[in-house]
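# Secondary and tertiary structure notes
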Amino acid sequence: MAVTVYRSTDASAPLLTNSNGSLIAVLKACLVDGYGSKAPAGWTAPFTGTNLIAFKEGVGGNNRYLRVYDGGTDSSSRRVANVRAYEAMTAVSTGTGPCPTPGQVSGNGATLSYFQVGRSTPNVSWIVVATPSFFHLIVEQGDDNSYPEYLAFGKFISELAGDTFNNVLLAGSVPGAG
């Protein structure tokens, strides 16, 4: 399975800024559309809304979804995106088998802080490492590389025969947790 590395320093890479939808634009460029000379990782985005998108794993995945809400800040004024995985979806905010469940993490789901207020530079450094069925995202929300944030989602290799629930979502339970 081909692994592609996308970087904020690539020619034609989208900018990650302090604005609603900025993280969605980066993930969509890497996973679905591609940019410059970089081909997309092979995911789809079957459902969208205002500051909302649902990504679906590509070839080799378990057909699971990752819903991303990218429209707000936390109590410390950090730009935050919220994520929740689903086994199946019929609309951008309608799905079955949520992870984390609303009982585990309320609101729009787990978090990723991606822009620290007070940065001296307007654009955040980021790296996405992706295959058609898994991606890692690392962002440097602060100026001095001391505030890295991590998000990962997709299918992992399972030793359990017939395992169709071998997906993982790694994100913060509170904003700014890294």
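The structure presented is a predicted model; accordingly, all values stated were derived computationally and were not measured. (Residues numbered from 1 in each chain as written. Predicted model: local features only at pLDDT ≥ 70, side-chain atom pairs only at ≥ 80, totals over all residues. Heavy atoms only, no water.)

### Focus: the overall build of the chain
- Scanning the chain from terminus to terminus reveals 1 helix and 12 strands.
- Along the chain, helices and strands appear, N-terminal first, in the series β-α-β-β-β-β-β-β-β-β-β-β-β.
- Over its C-alpha trace the chain gives a radius of gyration of 15 Å, about what one expects of a compact globule, namely 16 Å for 178 residues.
- C-alpha atoms of the chain, sized along the principal axes, occupy 50 × 40 × 30 Å.
- When burial is assessed residue by residue, the chain has 44% of its 178 residues classed as buried.
- With an accessible surface of roughly 8200 Å², the chain has 54% of that area assigned to carbon and sulfur atoms.
- Charge centroids of the chain, computed over 11 positive and 12 negative side chains, lie 6 Å from each other. (Helix = DSSP H or I, 4+ residues; strand = E, 2+ residues; numbered from the N terminus. Rg over C-alpha atoms; globule rule 2.2 N^0.38 Å. Buried < 20%, exposed > 50% of the residue type's maximum accessible area, 1.4 Å probe, protein only. Areas by Shrake-Rupley, 256 points an atom, 1.4 Å probe, with all protein chains shown as cover. Lys, Arg positive; Asp, Glu negative; His and termini not counted. Charge placed at Lys NZ, Arg CZ, Asp CG, Glu CD.)

### Focus: the packing of aromatic side chains
- Within this structure, the stated rule accounts for 4 aromatic pairs.
- An angle of 70° between the planes, with centres 5.6 Å apart, marks the rings of W43 and F135 as edge-to-face. Of this pair, W43 sits in the loop between α1 (22-33) and β2 (44-49) while F135 sits in strand β10 (residues 134-140); the two residues are 92 residues apart in sequence, bridging distant segments of the chain. Residue W43 shares its accessibility class with F135, and that shared class is buried.
- Geometrically, the ring pair formed by W43 and F153 is tilted, given 6.1 Å between the ring centres and 55° between the ring planes. Highlighted residues: W43 in the loop between α1 and β2 and F153 in strand β11 (residues 148-155), separated in sequence by 110 residues.
- Looking at W43, the relative accessible area reads 3%, which means it is buried.
- For F153, a relative accessible area of 1% gives the class buried.
- Through pairs of rings, three or more aromatic residues link up here, namely W43, F135 and F153.
- Positioned over the ring face of Y6 is K38, at 5.9 Å from the centre of the ring. (Phe/Tyr/Trp six-rings, centres within 6.5 Å; stacked < 30°, edge-to-face > 60°. Lys NZ or Arg CZ within 6 Å of the ring centre and 35° of its normal.)

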